[in-house]
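One-letter residues, chain by chain:
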Amino acid sequence: MVAETTFTTKAAEETKRLGQALGKVLRSGDTVLLSGDLGAGKTTFAKGVAEGLGVTQEVTSPTFVMVAEYSGGRMPLVHMDLYRLGDAALDAALTDLGFDDYLESDAALLIEWPQSLRESLPDALLIQVNTAPLPRVDERNFQCRATGLNSWQLLDEWVKQWLF
Ligand code: ADP
Ligand code: MG
């Protein structure tokens, strides 16, 4: 089973397809944490995940609402963006958002800018999106790490879905 892997994409469309592959194998209770600088491609990837899940609504960047919930797919998709929250404010804000209820719901969670949330989740798929050095402006590397059994299985299924 794969615990760590890196995917490379050469265009925004390919990042979308990579997200679609994950969306196709995503299950209720899966938690995916997306890190990377502004413009790295986190939201582009998230759009693909939603499509792969069968969500037909358009996914936008939830930066100003922090959490958006999409139905219509195989299961609800909860998309969060914690960018505006510093680590100090994170715990209180997550309580306000009802984060634990989301965790226990049948939704899959996709969280941009998780910051210190990483440390408090026992089992999540961590994805770090990095740009490549110039002149490879349209290349992105998706460095993925599973931290528990559930996310290991997810990463495994994703790799198979992407390769075959
Ligand atoms: P983030 O949510 O991480 O801030 P976005 O997905 O909103 O990033 O924006 C990524 C930007 O980078 C888009 O303008 C997209 O067209 C561009 N881009 C270029 N190459 C890629 C790639 N391989 N994958 C994703 N985005 C890419
Ligand atoms: Mg974004």
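Further up the page is the structure itself.
Residues numbered from 1 in each chain as written. Chains lettered and ligands numbered in written order. Predicted model: local features only at pLDDT ≥ 70, side-chain atom pairs only at ≥ 80, totals over all residues. Heavy atoms only, no water.

**A look at the coordination of the magnesium ion (ligand 2)**
Geometry reference: four tetrahedral donors at a metal, ideal angle 109.5 degrees. Six octahedral donors, ideal angles 90 or 180 degrees.
Here is step 1 of the chain: Donor atoms from the polypeptide that coordinate the magnesium ion (ligand 2) comprise Thr-43 (OG1) and Glu-112 (OE), at 2.2 to 2.6 Å from the metal. Of this pair, Thr-43 sits in helix H2 (residues 42-53) while Glu-112 sits in strand E5 (residues 108-112), and the two are 69 residues apart along the sequence. When sorted by exposure, Thr-43 lands in the same class as Glu-112, which is buried. (Donors = N, O, S within 2.8 Å, 3.2 Å for Na, K, Ca; no water. Helix = DSSP H or I, 4+ residues; strand = E, 2+ residues; numbered from the N terminus. Buried < 20%, exposed > 50% of the residue type's maximum accessible area, 1.4 Å probe, protein only.)

**A short note on the packing of helix H1 (residues 12-25) against helix H6 (residues 149-163)**
Here is step 1 of the chain: Following both chains from N to C, one finds H1 and H6 inclined at 125°, their axes separated by 8 Å at the closest point. Comparing their axes, H6 and H1 come out oblique. As H1 runs across H6, the sense of the crossing is right-handed. Contacts between H1 and H6 involve Glu-14, Arg-17, Leu-18, Ala-21, Leu-22, Lys-24 and Val-25 on the former and, on the latter, Leu-154, Glu-157, Trp-158, Gln-161 and Trp-162. (Axes fitted to C-alpha atoms, helices over the stretch in contact; angles between N-to-C directions. Parallel < 35°, antiparallel > 145°, perpendicular 65-115°, else oblique. Left-handed = near helix turned anticlockwise from the far one by under 90°. Contact = heavy atoms within 4.5 Å.)

**Notes on the nonpolar core**
Here is step 1 of the chain: Core analysis: the largest hydrophobic core is formed by 32 residues, its most contacted members being Leu-22, Leu-26, Phe-45, Leu-125, Ile-127 and Trp-158.
Here is step 2 of the chain: Counting only elements with at least two residues in this core, the list comes to H1, strand E2 (31-35), H2, strand E3 (67-70), E5, strand E6 (125-131), strand E7 (140-146) and H6.
Here is step 3 of the chain: In this structure Leu-125 touches Leu-22, Thr-31, Val-32, Leu-33, Cys-144, Arg-145, Ala-146, Ser-151, Leu-154, Leu-155 and Trp-158, once residues within four positions along its chain are discounted.
Here is step 4 of the chain: By size, the runner-up hydrophobic cluster in this structure holds 19 residues, among which are Ala-107, Leu-109, Leu-117 and Leu-121. (Core = buried A, V, L, I, M, F, W, Y, C linked by side-chain atoms within 4.5 Å.)

**Notes on the layout of surface pockets**
Here is step 1 of the chain: Taken as a whole, the largest pocket holds about 190 Å³ of empty space.
Here is step 2 of the chain: If you trace the largest pocket, you find 13 residues lining it, with Asp-91, Leu-94, Phe-99, Leu-117 and Ser-120 closest to the centre.
Here is step 3 of the chain: At the level of elements, helix H3 (87-97), helix H4 (99-104) and helix H5 (117-120) are the ones that each hand at least two residues to the lining of the largest pocket.
Here is step 4 of the chain: Per-element tally for the lining of the largest pocket: the top contributor is H3, with five residues. (1 Å grid on protein atoms, 1.4 Å probe; cavity = no way out; pocket = protein on both sides within 12 Å on 5 of 7 lines; lining within 4 Å. Points joined across faces, edges and corners; volume = space filled by probe spheres on them.)

**Focus on the pattern of salt bridges**
Here is step 1 of the chain: Following the criterion strictly, the structure yields five salt bridges and no others.
Here is step 2 of the chain: A salt bridge links Glu-58 to Lys-47, with the nearest nitrogen and oxygen atoms 3.4 Å apart. In this pair, Glu-58 sits in the loop between H2 and E3 while Lys-47 sits in helix H2, placing the two residues 11 residues apart along the sequence.
Here is step 3 of the chain: As a salt-bridge pair, Arg-136 and Glu-139 come within 3.0 Å of each other at their nearest N and O atoms.
Here is step 4 of the chain: You can call Arg-136 partly exposed: its relative accessible area is 41%. (Salt bridge = Lys/Arg side-chain N within 4 Å of Asp/Glu carboxyl O.)

**Looking at the sheet that holds strand E4 (residues 77-81)**
Here is step 1 of the chain: Strands sit in the order E1-E7-E6-E2-E5-E4-E3 across an open sheet of seven strands; the sheet is mixed. On the outer flanks of this sheet lie strand E1 (4-9) and E3, each paired with one strand and no other. Here the average twist between neighbouring strands, direction ignored, is 20°.
Here is step 2 of the chain: Inspection of the sheet shows E3 paired to E4 by four bridges, in the antiparallel sense. Residue pairing for E4: Tyr-70 is matched across the bridge by Leu-77.
Here is step 3 of the chain: In the packing of H6 onto the sheet, contacts are made with E1, E2, E6 and E7, and the angle to E1 comes to roughly 35°. (Pairing = 2+ DSSP bridges.)

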